[in-house]
Amino acid sequence: MLKKNFDEVKRRIQAACQGCGRNEDEITLVAVSKTKPVETLLEAYNLGARIFGENKVQELVDKASLLPTDIRWHMIGHLQTNKVKYIVGKAKLIHSVDTLRLAEAIDKEALKKGIIADILAEVNVSGEENKFGLSVGEVPAFMERMQRFPHLRVKGLMTVAPYTKKPEENRQYFRRLRQLAVDIGRKKADNVKMDILSMGMTGDYQIAIEEGATMLRVGTALFGERDYA
Ligand SMILES: *Cc1c(COP(=O)(O)O)cnc(C)c1O
């Protein structure tokens, strides 16, 4: 079943790219494996998946210790400052940086470990109250502060669009995030690059591709429904 799902998502990514004249090499697929057992991840690994997304620090660290070391782990969920020490150096990319305090903690931990931590700034483009993320208006000032944190590198922006049965409704948010990235990119701050736009999930990744996504975070379409029980 996993192979069928992976093939289908790949096919849809190809079709979406063709439909809007993009090259599929521009798109990185993050296989969102949260709640799924390591055996399932290993099956995905054997199908060629090398980038897995998790939303809990403990789960990411535990799975990483049990699976092949060439997997790149992405932290996509809300991150608490007190857990930063466990994730810096473990996650190849942290998608969910949404406060200066968190950025500062990551910078400090990266210094301690002698590395540069790659991050994305999470933006709550839709303005939903129950969502994490910087507001669109906060992003420019946030980026200006990043030069104070030489041990991190901002690689782009991330957003979680609203859950909807009509993916077309999310096009406006993806477009807004892209525009924001273009605006920030023009300012050319020291450790800020806008190479990555992490947007698009199971319900709306084709629309996200059309609006310029370079990184998709897909869980359900690859691994099936999650059981949180
Ligand atoms: C769970 C999750 C996803 C994947 O969601 P699906 O709808 O299952 O594809 C993507 N991004 C984030 C931040 C998530 O928490």
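Up top is the structure these notes are about.
Residues numbered from 1 in each chain as written. Predicted model: local features only at pLDDT ≥ 70, side-chain atom pairs only at ≥ 80, totals over all residues. Heavy atoms only, no water.

A. Expanded view of the state of the cysteines. One pass over the full model with this rule turns up zero disulfides. Between Cys20, a cysteine without a disulfide, and Cys17, which holds the nearest cysteine sulfur, the sulfur-to-sulfur distance is 5.9 Å. Taking the relative accessible area as the measure of exposure, Cys20 reaches 29% and is therefore partly exposed. (Disulfide = S-S within 2.5 Å. Buried < 20%, exposed > 50% of the residue type's maximum accessible area, 1.4 Å probe, protein only.)

B. Structural context of helix H3 (residues 57-66). For H3, the full list of buried residues reads Val57, Glu59, Leu60, Val61, Lys63 and Ala64. Looking at the buried side of H3, the elements it contacts are helix H2 (38-46), strand E2 (51-54), strand E3 (72-75) and helix H4 (84-87). (Helix = DSSP H or I, 4+ residues; strand = E, 2+ residues; numbered from the N terminus. Contact = heavy atoms within 4.5 Å.)

C. Expanded view of the nonpolar core. Ile106, Met143 and Leu157 are the most contacted members of the largest nonpolar core, which has 67 residues in total. At six residues, helix H1 (residues 2-19) tops the list of elements feeding residues into this core. When residues no more than four places from it in sequence are discounted, the contact partners of Leu157 are Leu120, Ala121, Val123, Met143, Leu177, Leu180, Ala181, Met194, Ile196, Leu197 and Ser198. In this structure, Ile51, Leu93, Leu120 and Ile196 belong to the second largest nonpolar core, which totals seven residues. (Core = buried A, V, L, I, M, F, W, Y, C linked by side-chain atoms within 4.5 Å.)

D. Geometry of unusual backbone geometry. Phi at Thr35 takes a positive value of approximately 70 degrees, unusual for a residue other than glycine. Position of Thr35 among the secondary structure elements: in the loop between strand E1 (28-32) and H2. Positive phi, close to 50 degrees, is recorded for Lys188, a residue that is not glycine. Position of Lys188 among the secondary structure elements: in the loop between helix H7 (171-187) and strand E7 (192-198). With a relative accessible area of 68%, Lys188 lands in the exposed category.

E. The pairing of E7, seen in detail. Along E7, five of the seven residues are buried, which leaves the element largely enclosed by surrounding structure. Across four bridges, strand E6 (residues 152-158) lies against E7 in parallel orientation. Following the sheet pairing, Val154 is matched in E7 by Val192. The parallel pair E6 and E7, bridged by H7, forms a crossover whose chirality is right-handed. (Pairing = 2+ DSSP bridges. Right-handed = clockwise from strand over helix to strand, strands pointing away.)

F. Fine view of the site of the ligand. Lining the immediate environment of the ligand, one finds Val32, Lys34, Ile76, Met158, Val160, Met201, Thr202, Arg217, Val218, Gly219, Thr220 and Arg226. A distance of 2.6 Å separates an oxygen atom of the ligand from a polar atom in the side chain of Lys34. Between Arg226 and the ligand, the recorded distance is 2.8 Å, taken from a side-chain N or O atom to an oxygen atom. Protein contact buries 87% of the 390 Å² of open area that the ligand shows by itself. Classifying every residue of the shell around the ligand by side-chain character gives six nonpolar, three polar and three charged. (Near = heavy atom within 4 Å. Polar contact = N/O pair within 3.5 Å; in protein donor to acceptor, adjacent residues only side chain to side chain. Areas by Shrake-Rupley, 256 points an atom, 1.4 Å probe, with all protein chains shown as cover. Nonpolar A, V, L, I, M, F, W, Y, C, P; charged D, E, K, R; others polar.)

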